[in-house]
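Take a look at the letters that make up each chain.
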Amino acid sequence: MKSIKTLGELKASGYQTKSVKEELRSNLMEALKSGKQAFEGIHGYENTVIPELERAILAKHNINLLGLRGQAKTRLARLMVNLLDEWMPIVQGSEVNDDPFAPLSRYAKDLIAEKGDETPIAWVHREERFAEKLATPDVTIADLIGDVDPIKAANMKLSYADERVIHFGMIPRANRCIFVINELPDLQARIQVALFNILQEGDIQIRGFQLRFPLDIQFVFTANPEDYTNRGSIVTPLKDRIGSQILTHYPETIQVARTITEQEAKLEGDQKENITVPGLAMDLIEQIGFEARNSEYIDVKSGVSARMSISAFENLVSAAELRGLKSKSPKTSVRLADFQGIIPALTGKMELVYEGEQEGSTYVAEQLIGRAVKTLFESYFPKVEKLEKPGESGPYQAIVDWFFEQDEFVLSEDADDKTYHAQLDSIAPLEALIQKYQPKVAAAEKHFLKEFVLWGLVESKKLSKSQMNNHTTFSDQFSSYVRGGLN
């Protein structure tokens, strides 16, 4: 089709114009019939959001994606471009993607009237048929819809009553395209009102012009429920004109969350080659996000973006890489002590409530890491009972006894892998515990699991831990008091 250069050739080819919503509908139907994924790279929405989005497209609705931050709302909108036809013909030089068979602008109508079948045709790829605007309080009607351009009027010696003096805004320029307005509630109410006619009748109104301009646009809006109370709201008549409102959500399982993080994290090639990340470490990263969404210190209405886990994972790998470079051991594995390095990735992505502000963001981040360790510890090993029956020793008694006999156990955070492994291997009861409850653990992940047991026992109040000067010190909770009393 790209070889077609004139309107006459386009007519002879038998090309049939479809509206943008018809394109989306027909191409989605073809994808569904052939078993192709229309929204590749989106995980966790297979049985919830994506079916609702597909129904809205089949119904040719304008769509509002409503959800907290970091729930792939804009990503979903951008992927809709893949459901458009690959190429679209327009009148060459048109500002508003005029359909050669049904021109809208004065420019296209005059050109076709002058040249007829010799009217030049240009082709627009579907990747160029996506427009996006972030709604901010300073957005004007002129930005979105258009206004009279006095400079154009002066240069062309035209009256302000001539429609050729109009400078079209972003929406008319997105004719026959997908147009996304992000954070719709941030748009001033008077600007939202200007969208009424575009959504319902498909035309625009610019100042005093009686201009019938039936635009062909697939609108997708995104909104955060928090915005409805904090900064504004979607005016009711506008909501009434949006065909489908679809609620997005956070990943419901750690496995889905891991898939998203691994897909989105931007790691360098040497990081992937040199840094081993145990599966348990990945689970911990995601569990921190789950803990944050249920924390009393964090504003649940604001949400905890999936970007937090992605940034935390990137920081975790970088922390291990930095340690390896300093110890002259570029090939290394992530350790639990490296999780101190993810705190900057957590503190900037949490909206704290008053209690959280009082405690401080670093304290909250450390608490989240500890809670994540405790939660996963109980899925790998027996739960630590608060009270044990007289005469019975729990599965961790041998480890606790080992620490009772030691003054303290110091794990150097900057030690090379050989030293780190030797330090953990010196705790003989750890090996017995892992052999009993996690006998199939991979050799490359065993030492991470040993350190994880120590952290889990700290969170379960069986051991105590302190971190200072790049060292993590573990000790029995009561041995220091007992030794002090004996002395």
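Remember, it's a predicted structure, so these values are computed and weren't measured experimentally.

Draft legend 1. Region of the structure containing the overall build of the protein chain. Helix and strand counts for the protein chain stand at 24 helices and 14 strands. At 31 Å, the protein chain has a C-alpha radius of gyration far larger than the 23 Å of a compact globule built from 487 residues. Once the C-alpha set of the protein chain is aligned to its principal axes, its extents read approximately 105 × 45 × 40 Å. The 487 residues of the protein chain split such that 50% are buried. For the protein chain, long-range pairs separated by at least 24 residues make up 75% of all intrachain contacts whose partners lie at least 6 apart in sequence. Here the protein chain contributes 57 positively and 71 negatively charged side chains, and the mean placements of these two sets differ by 3 Å.

Draft legend 2. Local environment of the nonpolar core. Among the nonpolar cores identified, the biggest contains 61 residues, and F339 and F452 are the most heavily contacted of them. Listed in part, the 34 residues of the second largest apolar core include A131, I145, I166 and L184.

Draft legend 3. Looking closely at the sheet that holds strand β14 (residues 471–476). If you walk across this open sheet you meet the 3 strands as β12-β14-β13, and the pairing is antiparallel. Pairing within the sheet leaves two strands with one partner each, and these edge strands are β12 (409–412) and β13 (463–468). The mean angle between the axes of side-by-side strands here comes to 20 degrees, regardless of whether they run parallel or antiparallel. For β12 and β14, the ladder comprises 4 bridges, and the chain directions are antiparallel. Paired with S412 across the strands is H471, a residue of β14.

Draft legend 4. Region of the structure containing the pattern of salt bridges. What the rule picks out here adds up to 16 salt bridges. With its nearest N and O atoms 3.4 Å apart, the salt bridge here joins E262 to R258. Placement of the pair is E262 and R258 together in helix α13 (residues 254–264), with a separation of 4 residues, close to one helical turn. Its salt-bridge partner being K446, residue E431 comes within 3.1 Å of it at the nearest N-O pair. A residue pair is termed long-range when its members are at least 10 positions apart, and E431 in helix α22 (residues 428–437) and K446 in helix α23 (residues 443–459) qualify at 15 residues. A single network of salt bridges, built from pairs that share partners, joins D425, E431, K446 and K450.

Draft legend 5. Layout of the pairing of β14. Burial within β14 is extensive, with 5 of its 6 residues counted as buried. Relative to β14, β13 is paired through 6 bridges, and the arrangement is antiparallel. Counterpart to K465 in the pairing with β14 is F474. As consecutive antiparallel partners, β13 and β14 are separated by 2 residues, and within that stretch N469 has a phi angle of approximately 50 degrees, a positive value.

Draft legend 6. Structural detail: the sheet that holds strand β9 (residues 244–247). In spatial order, the strands read β4-β7-β8-β1-β9; together these 5 strands make up an open sheet with parallel pairing. Of all strands in the sheet, those with a lone pairing partner are β4 (130–134) and β9, marking the two edges. Direction aside, neighbouring strands of the sheet carry axes that sit 20 degrees apart on average. Relative to strand β8 (residues 217–223), strand β1 (residues 63–66) runs parallel, the two sharing 4 bridges. Across the sheet, I63 pairs through a bridge with V220, a residue of β8. Contacts from helix α2 (residues 20–34) reach β7 (177–182) and β8, with the element oriented near 80 degrees to β8. Here helix α3 (residues 49–58) sits on the sheet in contact with β1 and β9, set at roughly 170 degrees to β9.

Draft legend 7. Quick look at the pairing of β9. Taking every second residue as pointing to the same face, the buried face of β9 carries S244 and I246, while none of Q245 and L247 on the other face is buried. Of the pairings in the sheet, the one linking β1 to β9 comprises 4 bridges and is parallel in character. In the sheet register, I63 faces β9, and the bridge partner there is S244.

The rules behind each value
Residues numbered from 1 in each chain as written. Predicted model: local features only at pLDDT ≥ 70, side-chain atom pairs only at ≥ 80, totals over all residues. Heavy atoms only, no water. Helix = DSSP H or I, 4+ residues; strand = E, 2+ residues; numbered from the N terminus. Rg over C-alpha atoms; globule rule 2.2 N^0.38 Å. Buried < 20%, exposed > 50% of the residue type's maximum accessible area, 1.4 Å probe, protein only. Contact = heavy atoms within 4.5 Å. Lys, Arg positive; Asp, Glu negative; His and termini not counted. Charge placed at Lys NZ, Arg CZ, Asp CG, Glu CD. Core = buried A, V, L, I, M, F, W, Y, C linked by side-chain atoms within 4.5 Å. Pairing = 2+ DSSP bridges. Axes fitted to C-alpha atoms, helices over the stretch in contact; angles between N-to-C directions. Salt bridge = Lys/Arg side-chain N within 4 Å of Asp/Glu carboxyl O.

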